[in-house]
Amino acid sequence: QSYAAEEKSLWEDFRHGLILGTAEFVERIKSRYVSVKPDREVPQQKGMVGMVDADQYLIMACTVLGRDLDRFREMGRLYGDEREDRDLLVYNLWEKRVFTNEEIGELFGVSYSAVSHIVKRVRGKLREDRGWQRKRDSINSQIKT
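Summarised in this report is the structure supplied together with it. (Residues numbered from 1 in each chain as written. Predicted model: local features only at pLDDT ≥ 70, side-chain atom pairs only at ≥ 80, totals over all residues. Heavy atoms only, no water.)

**Side note on the layout of surface pockets**
The rolling of a water-molecule-sized probe over the atoms marks out the regions of remaining empty space.
Here is step 1 of the chain: Estimates place the volume of the second largest pocket at around 190 Å³.
Here is step 2 of the chain: Together, Gly76, Arg77, Leu78, Tyr79, Arg83, Arg86, Val110, Ala114, His117, Ile118 and Arg121 line the second largest pocket.
Here is step 3 of the chain: Of all elements in the fold, only helix H5 (80–95) and helix H7 (112–128) reach the threshold of two or more residues within the lining of the second largest pocket.
Here is step 4 of the chain: The element contributing the most residues to the lining of the second largest pocket is H7, with four residues.
Here is step 5 of the chain: Per-class residue counts for the lining of the second largest pocket are five nonpolar, two polar and four charged. (1 Å grid on protein atoms, 1.4 Å probe; cavity = no way out; pocket = protein on both sides within 12 Å on 5 of 7 lines; lining within 4 Å. Points joined across faces, edges and corners; volume = space filled by probe spheres on them. Helix = DSSP H or I, 4+ residues; strand = E, 2+ residues; numbered from the N terminus. Nonpolar A, V, L, I, M, F, W, Y, C, P; charged D, E, K, R; others polar.)

**A word on the environment of Asn140**
Here is step 1 of the chain: With respect to the secondary-structure elements, Asn140 resides in helix H8 (residues 130–142).
Here is step 2 of the chain: Separated by 76 residues in the primary sequence, Asn140 and Val64 place their C-alpha atoms 9.8 Å from one another.
Here is step 3 of the chain: In this structure Asn140 touches Tyr57 and Asn92, once residues within four positions along its chain are discounted. (Contact = heavy atoms within 4.5 Å.)

**Focus: the pattern of salt bridges**
Here is step 1 of the chain: Within the structure shown, the criterion is met by nine salt bridges.
Here is step 2 of the chain: For Arg67, the salt bridge is made with Asp85, and the minimal N-O distance between the two is 2.6 Å. Within this pair, whereas Arg67 is found in the loop between helix H3 (54–65) and helix H4 (69–74), its partner Asp85 is found in helix H5, the two being separated by 18 residues in sequence.
Here is step 3 of the chain: Assessed through its relative accessible area of 27%, Arg67 is described here as partly exposed.
Here is step 4 of the chain: Of the residues examined, Asp85 reaches a relative accessible area of 3% and is grouped as buried.
Here is step 5 of the chain: Arg86 is the salt-bridge partner of Asp87, the closest N and O atoms lying 2.9 Å from each other.
Here is step 6 of the chain: On the basis of relative accessible area, Asp87 is assigned to the buried category, the value being 2%.
Here is step 7 of the chain: The buried category is assigned to Arg86, whose relative accessible area is 5%. (Salt bridge = Lys/Arg side-chain N within 4 Å of Asp/Glu carboxyl O. Buried < 20%, exposed > 50% of the residue type's maximum accessible area, 1.4 Å probe, protein only.)

**What to know about the environment of Arg77**
Here is step 1 of the chain: Mapping Arg77 onto the fold places it in the loop between H4 and H5.
Here is step 2 of the chain: Taking the C-alpha atoms as reference, Arg77 lies 8.9 Å from Val110; in sequence the two are 33 residues apart.

**Let's talk about the packing of aromatic side chains**
Here is step 1 of the chain: The full count for this structure, using the stated rule, is one aromatic pair.
Here is step 2 of the chain: Plain terms: the ring middles of Tyr91 and Trp94 are 5.7 Å apart, the flat faces sit at 35° to each other, and that makes the pair tilted. Taken together, the residues span about one helical turn, with Tyr91 and Trp94 both in helix H5 at a distance of three residues. We note that Tyr91, like Trp94, is buried. (Phe/Tyr/Trp six-rings, centres within 6.5 Å; stacked < 30°, edge-to-face > 60°.)

**Quick word on the environment of Arg136**
Here is step 1 of the chain: Position of Arg136 relative to the elements: it lies in helix H8.
Here is step 2 of the chain: Residues Arg136 and Ala61, spaced 75 residues apart in sequence, show a C-alpha to C-alpha distance of 9.9 Å.
Here is step 3 of the chain: Arg136 has contacts with Leu88, Tyr91, Asn92, Glu95 and Leu126, leaving out every residue within four places of it along the chain.

**A closer look at the packing of H5 against H8**
Here is step 1 of the chain: Put simply, H5 and H8 touch, their axes get as near as 11 Å, and they point 60° apart. In terms of orientation, H5 and H8 fall into the oblique class. Note that H5 runs across H8; the crossing there is right-handed. Within the contact between the two elements, H5 uses Glu84, Asp85, Leu88, Leu89, Tyr91, Asn92 and Glu95 and H8 uses Trp132, Lys135, Arg136, Ile139 and Asn140.
Here is step 2 of the chain: Its residues assigned to classes, the contact of H5 with H8 comprises five nonpolar, two polar and five charged. (Axes fitted to C-alpha atoms, helices over the stretch in contact; angles between N-to-C directions. Parallel < 35°, antiparallel > 145°, perpendicular 65-115°, else oblique. Left-handed = near helix turned anticlockwise from the far one by under 90°.)

See the structure below:
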């Protein structure tokens, strides 16, 4: 189009469809017609399946962990078990592939580069430490996203 000096059509960018309705209606459509695991050949499914309300997810995950979400958001630097739990939540959001590092960082009051470092550290811990794996599995099994 650019070399032919053609105008771009609005409909060419319309790729993922449009659903008009409430959030409950969209969830009902999603649960009925979209498989739990998106097909690799259909990138639009990845977007639909991956729709996650970050705040709702974090509230539920903090309840599972027995933590205060506001503390994670207000405290810049955490230590010990608090840091491990916060880092695991950061990793879980990152793993959903729905949010950018910058968006995740804003949720926790850290920079996007800190999110990258956290993800790298947690990925290593999950490979080595069975306790981390159990904690992640516990969160994921109790929260439907």
